[in-house]
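# Structure assessment
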2 protein chains.
Amino acid sequence: MTKTLTSDELERALRAVGAERYHNRHPFHQLLHGGKLDRGQVQAWALNRYYYQRQIPIKDASLMARLQSAELRRAWRSRLVDHDGDGSAPGGIERWLKLAEGVGLDRAYVESTAGILPTTRFAVDAYVNFVRERSVLEAIASSLTEMFSPGIIAERVEGMLRGYPFITMDTLAYFKPRLSQAPRDADFALAYVKAEARTPEQQEAALGALRFKCDVLWSQLDGLYLAYVEPRLVAPGAFVPGRDGGSR
Amino acid sequence: MTKTLTSDELERALRAVGAERYHNRHPFHQLLHGGKLDRGQVQAWALNRYYYQRQIPIKDASLMARLQSAELRRAWRSRLVDHDGDGSAPGGIERWLKLAEGVGLDRAYVESTAGILPTTRFAVDAYVNFVRERSVLEAIASSLTEMFSPGIIAERVEGMLRGYPFITMDTLAYFKPRLSQAPRDADFALAYVKAEARTPEQQEAALGALRFKCDVLWSQLDGLYLAYVEPRLVAPGAFVPGRDGGSR
């Protein structure tokens, strides 16, 4: 029934998943990048997204624990360095905390993750569990949303600097290194998936993994939209702008 | 700092979690029970909730796999019988499929779970993973939302029969056995938690587990509200009423 794709066809099919499902198409991002949110809404985004940032190296370490080759683990290890830092230059988690502080959140409140939406927690945890439980091919394919991220980052930085007086280039320092890190990581993962997904079943598994990961990102924005844009239905215990977590 | 609660104080604290966070307080349930939804919205509820029903015995089997006493496993086993059936009387999953068919969904579409919201999948999977990973005490405490379910079921059956011409008592056959099963299960789990949660840490863990479970239920309704009530933002690939899954 299903035929085997050439590696270029597989790449095109993976890119088509992004075109259909990547979260740059979500209305929350359109509001965020368009400067249409208020400070409390931007805080809610930064607060919830922190949980995602924080779990990424846990996801990567889970994957590395399953890689049988030193070469592969070494290549993947750069992601840990990017997110956790090297003890001198701050890593992605630390830079995200700066972003959260920059939009007026209290660092300890952010780090506690006490105010995040249940929907955020469940989506992020789903990603970590997926990488723990599925095949290595699927785990690596699920990282391929990075193929689409340079576009969204450029859009976001430009839009947020223009749209929000309370945001500076310094606040957004998280994103700059990502513009080179994400393509490097995506190139590596894409080459792996193109080389290893050879049967129709493996190719479908890789595409399914990328769809799943798009769902993980999408669901987080769904949660933010419902709670903080419309109809502003905040789950019991979650962050309420102006009441919780403000440093100033 | 924290003092040990008596077992009656612990029960009151557990009930207070329900009063604050149980999903009968969610606007989606108020619409559902008040007869305010259209048929497509009721379908979306039945379709998504099927995934929860289907994973419950997997959750219960995961828990039983961790119970070291035949007595405890035997007591818990009745839940498997309730959900999976005994081969003659239909179990809860089968009765839920009848409900889904009763509101006009195609059985195979429902069973495929292809149309459920990512938010539903992540919340339900979070529950199964919680029961796999946390202490047995927390796993059992997370089932205590059943303490609150007879009230919501009575409200739901009455409200749905009155509010929706396309719903009959037969369609709602799922719920009738639950009115006796849920209190029996909740009594057992509550007695276990009251007996085993003796230190302040154990008591806080039990309360946290119940809060977590309330979040699992709440997040599912958040997803339904966003996609099918307001602002009707359906995640790519998920059920669209009138387009997908209809049997008639």
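Fair warning: this is a prediction, and the values are worked out from it, not measured in the lab. (Residues numbered from 1 in each chain as written. Chains lettered and ligands numbered in written order. Predicted model: local features only at pLDDT ≥ 70, side-chain atom pairs only at ≥ 80, totals over all residues.)

## As for the overall build of chain A
For chain A, the count of helices and strands is 11 helices and zero strands. Walking chain A from its N terminus toward its C terminus, one meets helices and strands in the order α-α-α-α-α-α-α-α-α-α-α. A compact globule built from 248 residues would reach a C-alpha radius of gyration of about 18 Å, and chain A, at 18 Å, matches this within 12%. Along the three orthogonal principal directions, the C-alpha set of chain A runs to about 55 × 40 × 35 Å. Taken across its 248 residues, chain A has 43% of its residues classed as buried. For chain A, restricting intrachain contacts to residue pairs at least 6 apart in sequence, the fraction spanning at least 24 positions comes to 81%. (Helix = DSSP H or I, 4+ residues; strand = E, 2+ residues; numbered from the N terminus. Rg over C-alpha atoms; globule rule 2.2 N^0.38 Å. Buried ≥ 20, exposed ≤ 12 C-beta atoms within 10 Å, placed from the backbone. Contact = placed C-beta atoms within 7 Å.)

## Some details on the interface of chain A and chain B
If you look at the interface, chain A gives 22 residues, while chain B gives 22 residues. The set of elements that each furnish at least two residues to the side of chain A that touches chain B consists of helix 1 (7-21), helix 7 (118-133) and helix 11 (200-228) of chain A.

## Observations regarding the relation of the copies chain A and chain B
Mapping one chain copy onto the other needs a rotation about an axis and a shift along that axis. Each copy superposes on the other: chain A lies on chain B with an RMSD of 0.0 Å after a rotation of 180 degrees and an axial shift of 0.0 Å. Overall, the copies show the geometry of a two-fold rotation axis. Across chain A, the smallest distance between a C-alpha and the rotation axis is recorded for Phe122 of chain A, namely 2.7 Å. Residue by residue, 100% of the interface of chain A is reproduced at the interface of chain B, so both copies engage with the same surface. (Least-squares fit on C-alpha atoms with pLDDT ≥ 70 in both.)

## Some remarks on unusual backbone geometry
Residues and elements named next belong to chain A. The step from Glu230 to Pro231 runs through a cis peptide bond, and the omega angle for that step is 0 degrees. Within the fold, Pro231 resides in the segment after helix 11. The backbone of Arg232 shows a phi angle near 55 degrees, a positive value even though the residue is not glycine.

## Topic: helix 11 of chain A
Between its first and last C-alpha atoms helix 11 of chain A spans 42 Å; for 29 residues at 1.5 Å apiece the expected length is 42 Å, and the two agree. In terms of burial, helix 11 of chain A is largely enclosed, as 23 of its 29 residues are buried. (Expected span 1.5 Å × (residues − 1).)

## Quick word on the environment of Pro27 of chain B
With respect to the element layout, Pro27 of chain B can be found in helix 2 (residues 27-33). Exposure remark for Pro27 of chain B: the 15 C-beta atoms within 10 Å place this residue in the partly exposed category. Each C-alpha atom, one on Pro27 of chain B and one on Ala46 of chain B, is 16 Å from the other, the two residues being 19 residues apart in sequence. Here Pro27 of chain B is in contact with Leu233 of chain A together with Tyr225 of chain B, once residues within four sequence places are set aside.

## Topic: the packing of helix 3 (residues 39-64) of chain B against helix 11 (residues 200-228) of chain B
Geometry of a packed helix pair, given as the angle between the helix axes and the separation of the axes. All names here are of chain B. Running from amino to carboxyl end, helix 3 crosses helix 11 at an angle of 150 degrees, the nearest separation of the two axes being 11 Å. One way to sum up the angle between helix 3 and helix 11 is to call them roughly antiparallel. Note that helix 3 runs across helix 11; the crossing there is right-handed. In this structure, helix 3 contributes Gln41, Ala44, Trp45, Asn48 and Tyr52 to the contact, and helix 11 contributes Gln220, Leu224, Ala227 and Tyr228. Per-class residue counts for the contact of helix 3 with helix 11 are six nonpolar, three polar and no charged. (Axes fitted to C-alpha atoms, helices over the stretch in contact; angles between N-to-C directions. Parallel < 35°, antiparallel > 145°, perpendicular 65-115°, else oblique. Left-handed = near helix turned anticlockwise from the far one by under 90°. Nonpolar A, V, L, I, M, F, W, Y, C, P; charged D, E, K, R; others polar.)

## Looking at the environment of Glu9 of chain A
Residues and elements named next belong to chain A. Mapping Glu9 onto the fold places it in helix 1. According to the C-beta neighbour criterion, Glu9 is exposed, with 12 such atoms within 10 Å. For the pair formed by Glu9 and Lys194, sequence separation is 185 residues and the distance between their alpha carbons is 9.5 Å.

## What to know about the confidence of the model for chain A
Per-residue confidence for chain A gives a mean pLDDT of 96, with 99% of residues at or over 70. Here the prediction assigns the complex a pTM of 0.95, and the interface score ipTM is 0.92. (pLDDT = per-residue confidence, 0-100.)

## Quick word on the packing of helix 3 of chain B against helix 7 (residues 118-133) of chain B
All names here are of chain B. Where helix 3 contacts helix 7, the axes come no closer than 9 Å and their chain directions differ by 10 degrees. By the angle between their axes, helix 3 is roughly parallel relative to helix 7. The residues of helix 7 that touch helix 3, namely those facing Asn48, Tyr51, Tyr52, Gln55, Ile58, Lys59, Ser62 and Leu63, are Thr120, Arg121, Val124, Tyr127, Val128, Val131 and Arg132. Among the residues forming the contact of helix 3 with helix 7, the class breakdown is eight nonpolar, four polar and three charged.

## A closer look at helix 1 (residues 7-21) of chain B
Residue and element names in this part refer to chain B. With 15 residues, helix 1 extends 21 Å from end C-alpha to end C-alpha; this agrees with the ideal 21 Å at 1.5 Å per step. Of the residues making up helix 1, those classed as buried are Leu10, Leu14, Val17, Gly18 and Arg21. Each buried residue of helix 1 lies within a common arc of 100 degrees when the element is viewed along its axis, so the set occupies one face. Projecting away from the buried face of helix 1 at angles above 90 degrees are the exposed residues Asp8, Glu9, Arg12, Ala16, Ala19 and Glu20. Buried residues in helix 1 make contact with helix 10 (175-196) and helix 11. (Arc of directions from axis to C-beta.)

## Some points on the environment of Ala123 of chain A
The topology assignment puts Ala123 of chain A in helix 7. You can call Ala123 of chain A buried: it has 29 C-beta atoms within 10 Å. The spatial distance from the C-alpha of Ala123 of chain A to the C-alpha of Gln220 of chain A is 6.6 Å, given a sequence separation of 97 residues. Among residues more than four places away in sequence, those in contact with Ala123 of chain A are Val216, Ser219 and Gln220 of chain A together with Phe122 of chain B.

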